[in-house]
Amino acid sequence: MYMDQLGVAVVGYGLAGSVFHAPLIAADPRLRVAAVVTSSQERAEQAQAEHPGARVWPSADALFAEADDIDLAVIATPNRSHAPLALQALAAGLPVVVDKPFAVTSADADEVVTAAERAGLPLSVFQNRRWDNDFLTVRGLMDAGELGEIRRFESRFERWRPTPKGGWRELGEAEAGAGILFDLGSHLVDQALTLFGPVTELYAELDRRRPGVQADDDAFIALTHASGTRSQLWMSAVAPQLGPRMRVLGSTNAYTVFGLDPQEDALRAGRRPVDGKQWGTVRPDKWGTFGAGDDLRTIPTVPGDYPAFYAGMAAALLDDAPVPVDPRDAVETLRILEYARHVAGPAEP
């Protein structure tokens, strides 16, 4: 059975590894979860139950010392360890996928890209929100010329979480890659750059609104693209009312949609893309609104497709296709995030 499948090692089995990466890897017919790295006994048992036959290693060192049956390493650990572990995997001769953000600095990310190029090994970054239903819908409208010239792109990831849930993403320091800018901002900036290209101007605001948090939990970035489009990006853990997920204003029409792509909630609830049910779809009452002035109508939302990322990685490894996300794109996203933090100054409590 395994002869036709590539063995994938998932390094880290917290939220990212267990909810996002491993289920999507297992859903691809050309990939299998062959190994998991976790020092937690509870997570080790969870991994073995969810992926029978997978070996569990207590450390990345132990895995990389005996990686003969591994064809791809996926780095799904806390942000500050992304670049060091990616370099270690490349040194072991393994292609690599790194969860977002690629690293905690663009210099670290550049080092990983250079190492992969020198080794001649595929490297990609898990920017899964390129396969969100709203993003795919907007991209389709743009490709069809339905919006005209895009003048303003508004995009939000907002939550109402007045009391921190805990964990390093909320309570850690910004220098370690904690905070909402590097978490949700990695997605928002990547989407804006993918749609509208290079940036010529940037404005940013960063704040710490909740007692006890060490990094930003409320942020705003305004980008001016070389194309002339302006992107306005909001990310917040303290939004009592949520704005539109996306509002795209073109010269002929606009598109507005509320609510998040359902794929994350489905994965968290234990659903899998291969369960025989529709995947990534939303009900018609969740569709977005398209048009201009009084001529408005709801239009179908393109289904989200997170499985496309690992299908792309399988194609890169087996068919010599390009990786699904160019790591240089992720380096540029990091440069934007770094500059946003610089121009906004320290987030104040």
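Here the focus is the packing of helix α8 (residues 180-196) against helix α11 (residues 327-344). It is the contact of α8 with α11, at a shortest axis distance of 9 Å, that shows an interaxial angle of 120°. Between α8 and α11, the angle falls in the class oblique. Pair α8 / α11 crosses with right-handed handedness. Residues L181, F182, G185, S186, V189, D190 and L193 of α8 form the contact with α11, whose own contacting residues are E332, T333, L334, I336, L337, E338, A340 and R341.

So, about the sheet that holds strand β7 (residues 150-158). Strand order in the open sheet formed by eight strands is β8-β9-β10-β7-β11-β12-β13-β14, and the pairing between neighbours is mixed. Two strands lie at the open edges of the sheet, namely β8 (199-207) and β14 (295-299), each paired on one side alone. With strand direction ignored, the average angle separating the axes of adjacent strands in the sheet is 10°. Examined bridge by bridge, β7 and strand β10 (residues 230-236) share seven bridges and lie parallel to one another. Residue pairing for β10: S155 is matched across the bridge by L233.

Once that is clear, we can look at the pairing of strand β5 (residues 96-99). Side chains of β5 alternate between two faces, with V96 and V98 and V97 and D99 buried alike. Remark: the strand β4 (residues 72-75)/helix α4 (residues 82-91)/β5 crossover connection has right-handed handedness. Relative to strand β6 (residues 123-126), β5 runs parallel, the two sharing four bridges. Considered in β6, the bridge of D99 is made with F126. Crossover β5 to β6 through helix α5 (residues 106-119) is right-handed.

Read from one edge to the other, the open sheet built from six strands follows the order β3-β2-β1-β4-β5-β6, with strand pairing classed as parallel. On the outer flanks of this sheet lie β3 (55-57) and β6, each paired with one strand and no other. Neighbouring strand axes in the sheet, compared pairwise and without regard to direction, differ in orientation by 25° on average. Judged from the six bridges that link them, strand β1 (residues 6-11) and strand β2 (residues 31-37) form a sheet pairing that is parallel. Residue pairing in the sheet places V10 in a bridge with V36 of β2. Across the sheet, helix α1 (residues 15-27) is in contact with β1, β2, β4, β5 and β6; its angle to β2 comes to roughly 155°.

The next subject is unusual backbone geometry. Of note, the amide linkage connecting K100 to P101 takes the cis form, showing an omega dihedral of -15°. Take P101: it is sitting in the loop between β5 and α5. Look at D320: it is not a glycine, yet its phi comes out positive at around 60°. Positionally, D320 belongs in the loop between α10 (307-318) and α11. A residue is classified by how much of its surface remains accessible, and D320, at 73% relative accessible area, is exposed.

Tallied over the entire structure, the rule returns 23 salt bridges. The closest approach of N and O atoms between R335 and D110, which form a salt bridge, is 2.8 Å. On the criterion of sequence distance, the pair formed by R335 in helix α11 and D110 in helix α5 is long-range, its members being 225 residues apart. On the basis of relative accessible area, R335 is assigned to the partly exposed category, the value being 37%. In this structure, E170 engages R161 in a salt bridge whose closest nitrogen and oxygen atoms are separated by 3.6 Å.

A few words on the packing of α4 against α5. Interhelical geometry of α4 versus α5 gives an angle of 10° and a closest axis separation of 10 Å. Classified by the angle their axes make, α4 and α5 are roughly parallel. The residues of α5 that touch α4, namely those facing A83, A86, L87 and L90, are D108, E111, V112, A115 and A116.

We now examine the nonpolar core. One broad rule of soluble globular proteins: the nonpolar side chains tend to lie buried together. Ranked by internal contacts, the top residues of the largest apolar core, which has 97 residues, are L63, F102, I221, L233, M235 and Y310. No other element matches α8, which puts ten residues into this core. Here L233 is in contact with F153, S155, L188, V189, A192, A219, F220, I221 and L223, once residues within four sequence places are set aside.

For α4, the complete set of buried residues consists of H82, A83, L85, A86, A89 and L90. One side of α4 holds all its buried residues, which, seen down the axis, span an arc of 165°. Summarising the contacts, the buried residues of α4 are in contact with β1, α3 (60-65), β4, β5 and α5. Of the residues flanking the end of α4, it is G93, one or two places downstream, whose phi is positive at about 85°.

Analysis parameters
- Residues numbered from 1 in each chain as written.
- Predicted model: local features only at pLDDT ≥ 70, side-chain atom pairs only at ≥ 80, totals over all residues.
- Heavy atoms only, no water.
- Axes fitted to C-alpha atoms, helices over the stretch in contact; angles between N-to-C directions.
- Helix = DSSP H or I, 4+ residues; strand = E, 2+ residues; numbered from the N terminus.
- Parallel < 35°, antiparallel > 145°, perpendicular 65-115°, else oblique.
- Left-handed = near helix turned anticlockwise from the far one by under 90°.
- Contact = heavy atoms within 4.5 Å.
- Pairing = 2+ DSSP bridges.
- Buried < 20%, exposed > 50% of the residue type's maximum accessible area, 1.4 Å probe, protein only.
- Right-handed = clockwise from strand over helix to strand, strands pointing away.
- Salt bridge = Lys/Arg side-chain N within 4 Å of Asp/Glu carboxyl O.
- Core = buried A, V, L, I, M, F, W, Y, C linked by side-chain atoms within 4.5 Å.
- Arc of directions from axis to C-beta.

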